[in-house]
Amino acid sequence: MIYYVEDDKNIRDLVIYTLITAGMDAKGFEDSGELKKGIEDEIPDLILCDIMLPGQDGLTILGDIKSGRKTCDIPVVMITAKGSEYDKVIGLDSGADDYITKPFGMMELVSRVKAVLRRYKSSQKKDCLSIGTLTLDSKKHEVRIDGQYVYLTLKEFALLELMMKNKNIAFSRDVLLEKIWGYDFDGETRTVDVHIRTLRGKLGNMSKFIETVRGVGYRIGDKYE
């Protein structure tokens, strides 16, 4: 779903029509108030936002989106009649993912929207790891099993993330201690064992992927997939 915030109805309707014709779902909004209501109903995949708007201007809306817990990851493309380098820099420095200056061609707009969505999806894949029904989102710092949130401590999360990023690679207790805790002291490797045990307990059936490698340490395996 693409949201477009533009107070000029003619431009708004043309852009929405073009996006829908290009095979995308799209909705138009006149101002920030309407946009907020739209976001409450459905989080969009991308927001197109004009800078010159009645009430809250586009840069203020951009700041609200990027500072919101539920909206900070939404890619935003700013659209404006202003073409100065200063305005572009302000928009991009405020978190905009791209910037289009009016007047623009409809095909250019579609191409830029698709490019931003491709970059965003590619970035998401790097942030999200999965094995079985277990998923780990590095950016959101979330772990879920079958879609259900699993609470992990910072060290448990770091352990799981490291091993999921390096599937089938065995880590010794000393290496895990150094990478996760930042130190290497003889006799402290029991700390690793304790955290692996509590991590397994929280992961339930998905703990089967955490394998003990005799004489070495631990690894995330994929033989159950």
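For the structure, check the block above.
**A word on the sheet that holds strand β12 (residues 217-220)**
Inference 1: Pairing within the open sheet is antiparallel, and its 3 strands lie in the order β10-β12-β11. The open sheet terminates on both sides in strands that have one partner only, identified here as β10 (171-172) and β11 (210-213).
Inference 2: Inspection of the sheet shows β11 paired to β12 by 4 bridges, in the antiparallel sense. Of the residues in β12, the one forming a bridge with I210 is I220.
Inference 3: Sheet strands touched by helix α8 (residues 190-203): β11 and β12. Its angle to β11, the strand with the most contacts, is close to 150°.

**Focus on the environment of M107**
Inference 1: Considering the arrangement of structural elements, one finds M107 in helix α5 (residues 106-127).
Inference 2: Spatially, the C-alpha atoms of M107 and A22 are 9.2 Å apart, while their sequence positions differ by 85 residues.

**Section: the layout of surface pockets**
Inference 1: For the largest pocket, the calculated volume is near 450 Å³.
Inference 2: In terms of lining residues, the largest pocket is bounded by 17 residues, among which R69, K70, D73, Y120 and K140 are the most central.
Inference 3: Within the residue set of the lining of the largest pocket, elements represented by two or more residues are α5 and β8 (142-145).
Inference 4: Looking at the lining of the largest pocket element by element, the count peaks at 4 residues for α5.
Inference 5: Along the lines of polarity and charge, the residues of the lining of the largest pocket split into 7 nonpolar, 1 polar and 9 charged.

**Regarding unusual backbone geometry**
Inference 1: Cis geometry marks the peptide bond from K102 to P103; its omega dihedral reads -5°.
Inference 2: Mapped onto the elements of the fold, P103 is located in the loop between β5 (98-101) and α5.
Inference 3: The phi dihedral of D146 falls on the positive side, at around 55°, and the residue is not glycine.
Inference 4: Examined against the element boundaries, D146 turns out to sit in the loop between β8 and β9 (148-149).
Inference 5: Given the relative accessible area of 58%, D146 is considered exposed.
Inference 6: Positive phi, normally seen in glycine, also occurs at N168, with a value near 70°.
Inference 7: Since its relative accessible area comes to 38%, N168 is described here as partly exposed.

About the cut-offs
- Residues numbered from 1 in each chain as written.
- Predicted model: local features only at pLDDT ≥ 70, side-chain atom pairs only at ≥ 80, totals over all residues.
- Heavy atoms only, no water.
- Pairing = 2+ DSSP bridges.
- Helix = DSSP H or I, 4+ residues; strand = E, 2+ residues; numbered from the N terminus.
- Contact = heavy atoms within 4.5 Å.
- Axes fitted to C-alpha atoms, helices over the stretch in contact; angles between N-to-C directions.
- 1 Å grid on protein atoms, 1.4 Å probe; cavity = no way out; pocket = protein on both sides within 12 Å on 5 of 7 lines; lining within 4 Å.
- Points joined across faces, edges and corners; volume = space filled by probe spheres on them.
- Nonpolar A, V, L, I, M, F, W, Y, C, P; charged D, E, K, R; others polar.
- Buried < 20%, exposed > 50% of the residue type's maximum accessible area, 1.4 Å probe, protein only.

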